[in-house]
Amino acid sequence: MPETPNAYAEAGVDIVAADLAVELMKESVAKSRRPEVLGGLGGFAGLFDASALKKYERPLLATSTDGVGTKVDIARKMDKHDTIGFDLVGMVVDDLVVCGAEPLFMTDYIATGKVVPERIAAIVKGIAEACTEAGCALVGGETAEHPGLLAPDEYDVAGATTGVVDAHRLLGADKVEAGDIVIAMKASGLHSNGYSLARHVFFTKLGWELDRQVDELGSTLGEELLIPTKIYAKACLALADATGTHAMAHITGGGLANNLARVMPAHLSATLDRGSWTPQPIFDVVRTAGGVDQASLEATLNCGVGMVSLTPAGDVDTAIATLAEHGVEAWVAGEVVAGDGSVTLTGQHPGW
């Protein structure tokens, strides 16, 4: 005798809850819509009108995919799920922007032990709001219920985005020149990288709880750890339009030096002065309270810099002003010189 839908529910998969989650998220997703998007939520595939690419002389498609790592554990324990979407969008969209690509659309994937419609809707609400902030459309996604594999309150999120850049406007290491200035863009906090280190320090080594008030942070530990990733997409696209910027680097896992080295030609190097900025208190708390040496800290966390650009010296004032107009605090952190492809940090942060 064939199984009925109730048999699937008995196995732990609730199709009714999944359908309700889709209904709850529709309004949020609709707000991220771009004119090129065809159809609505619920189809088998998201559709995007590619005739929009006709305005490009030689359009290059760019794509990026990522997740948010163990930061989802903080969202779960805090029972606050409407900001983790900013972390997801920030991780994928700003990887596109470093090559000068405009993000066009994004899809997401949520795996959970049990579909709680309100929780799924909150997650997608954050993703959609972040897509709107980045200027890309959320054209579809998937929510999968994995009973027995994940606990009922556990979930993970991932996403992929596609963008476009005209070939002659492509940014990268081949355009970087000696004398370029390294412009640093302020991070909002830890963003979405290094949380395995942060969780080890705070929960395993120190035994702190998320509701612990930390004077240095001016908030609870949980509130600090859940600060959403800063999204730089529109600001960086405006920067590329307004200046002759040669390259950008998104500072994610691996820290500032390692990520900047990815866009450094083999015959050039960059030297950055730590004295040009003070990282947010969370970085110093990890360093001092957790007993983490600075080299390990800088190899794991962004240390207050979420994005950098390599911009001709004559464009620096325009660059910093353009970024400020888009809500991004920026400053001169260093310079590109002849070298061997390396990135070196010198000096010390004020107050450290």
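The structure we're discussing is the one just above.
Residues numbered from 1 in each chain as written. Predicted model: local features only at pLDDT ≥ 70, side-chain atom pairs only at ≥ 80, totals over all residues. Heavy atoms only, no water.

Glancing now at the pairing of strand β6 (residues 155-166). With 9 of its 12 residues buried, β6 lies for the most part within the structure. In this sheet, β6 lies alongside strand β3 (residues 59-67) in antiparallel orientation, the contact comprising 9 bridges. In the sheet register, D66 faces β6, and the bridge partner there is G159. As paired elements, strand β4 (residues 102-112) and β6 share 10 bridges and run antiparallel to each other. The residue of β6 that forms the bridge with E102 is V164. (Buried < 20%, exposed > 50% of the residue type's maximum accessible area, 1.4 Å probe, protein only. Helix = DSSP H or I, 4+ residues; strand = E, 2+ residues; numbered from the N terminus. Pairing = 2+ DSSP bridges.)

Counting 66 residues, the largest nonpolar core has V89, M185, F202 and L225 as the members making the most contacts within it. Of all the elements, helix α5 (residues 117-134) adds the most residues to this core, at 8 residues. Beyond its immediate stretch of four places on either side in the chain, F202 contacts G207, W208, L221, L225, I282, V285 and V286. (Core = buried A, V, L, I, M, F, W, Y, C linked by side-chain atoms within 4.5 Å. Contact = heavy atoms within 4.5 Å.)

The phi dihedral of H191 falls on the positive side, at around 60°, and the residue is not glycine. Tracing the sequence through the fold places H191 in the loop between β7 (181-186) and α6 (195-205). Taking the relative accessible area as the measure of exposure, H191 reaches 0% and is therefore buried. If you check the backbone angles, C303 has positive phi at about 55° while not being a glycine.

Moving on, we come to the pattern of salt bridges. Under the defined criterion, the tally for this structure stands at 12 salt bridges. Between R76 and D73 there is a salt bridge whose closest N-O contact spans 2.8 Å. Here R76 and its partner D73 are both found in helix α3 (residues 71-78), 3 residues apart, which amounts to about one turn of the helix. A residue is classified by how much of its surface remains accessible, and R76, at 25% relative accessible area, is partly exposed. You can call D73 buried: its relative accessible area is 12%. With a shortest N-O distance of 3.0 Å, D153 and R76 are connected by a salt bridge. In this pair, D153 sits in the loop between β5 (137-145) and β6 while R76 sits in helix α3, placing the two residues 77 residues apart along the sequence. (Salt bridge = Lys/Arg side-chain N within 4 Å of Asp/Glu carboxyl O.)

Here we take up the pairing of β5. Direction of pairing for β4 relative to β5: parallel, over a ladder of 8 bridges. Counted as the bridge partner of F105 is A137 from β5. Taken together, β4, α5 and β5 constitute a β-α-β crossover, and its handedness is right-handed. (Right-handed = clockwise from strand over helix to strand, strands pointing away.)

Let us look at the packing of aromatic side chains. Applying the stated criterion across every chain yields a total of 2 aromatic pairs. In this arrangement the basic side chain of K77 is found over the ring face of F203, its NZ or CZ atom lying 5.3 Å from the centre. One cation-aromatic arrangement involves R212 over W208; the distance from NZ or CZ to the ring centre is 4.2 Å. (Phe/Tyr/Trp six-rings, centres within 6.5 Å; stacked < 30°, edge-to-face > 60°. Lys NZ or Arg CZ within 6 Å of the ring centre and 35° of its normal.)

Let us now look at the sheet that holds β4. The strand order across the open sheet built from 4 strands is β3-β6-β4-β5, with neighbouring strands paired in mixed fashion. In this open sheet, the two edge strands, each paired with only one partner strand, are β3 and β5. Sheet twist, expressed as the mean angle between neighbouring strand axes with direction ignored, is 15°. Together, β4, β5 and β6 form the strand contacts of α5, whose direction differs from that of β4 by roughly 165°. (Axes fitted to C-alpha atoms, helices over the stretch in contact; angles between N-to-C directions.)

Quick look at the environment of G304 now. Note that G304 resides in the loop between α11 (294-298) and β12 (305-311). The class for G304 is buried, based on a relative accessible area of 2%. On a C-alpha basis, the gap between G304 and M185 in space is 8.4 Å, while along the polypeptide they are 119 residues apart. Residues in contact with G304, not counting those within four places in the same chain, are M185, K186, A187, W277, Q280, F283 and W331.

Turning next to α3. Listed as buried for α3 are K71, V72, D73, I74 and A75. For α3, the secondary structure elements touched by its buried residues are α4 (84-97), β6, α6 and α7 (221-225). Where α3 ends, the next residue or the one after it, D79, has phi of about 50°, a positive value.

What follows concerns the environment of G306. By the secondary structure assignment, G306 is in strand β12. Along the backbone, G306 and K186 are 120 residues apart, and their C-alpha atoms lie at a distance of 5.8 Å. In this structure G306 touches M185, K186, A187, H191, Y232, H250 and I251, once residues within four positions along its chain are discounted.

A word on the side chain of D94. Among the structural elements, D94 can be located in helix α4. There is no salt bridge for the buried D94, and the closest opposite charge comes from K230, which lies 9.3 Å off by N-O distance. Engagement of the side chain of D94 in a polar contact is seen with the backbone nitrogen of Y232, the distance being 3.0 Å. Those residues within four positions of D94 in sequence are excluded, and the remaining contacts are V89, K230, I231, Y232, A233, H250 and M307. (Lys, Arg positive; Asp, Glu negative; His and termini not counted. Polar contact = N/O pair within 3.5 Å; in protein donor to acceptor, adjacent residues only side chain to side chain.)

Treat this as a map of the structure, not an account of what it does.
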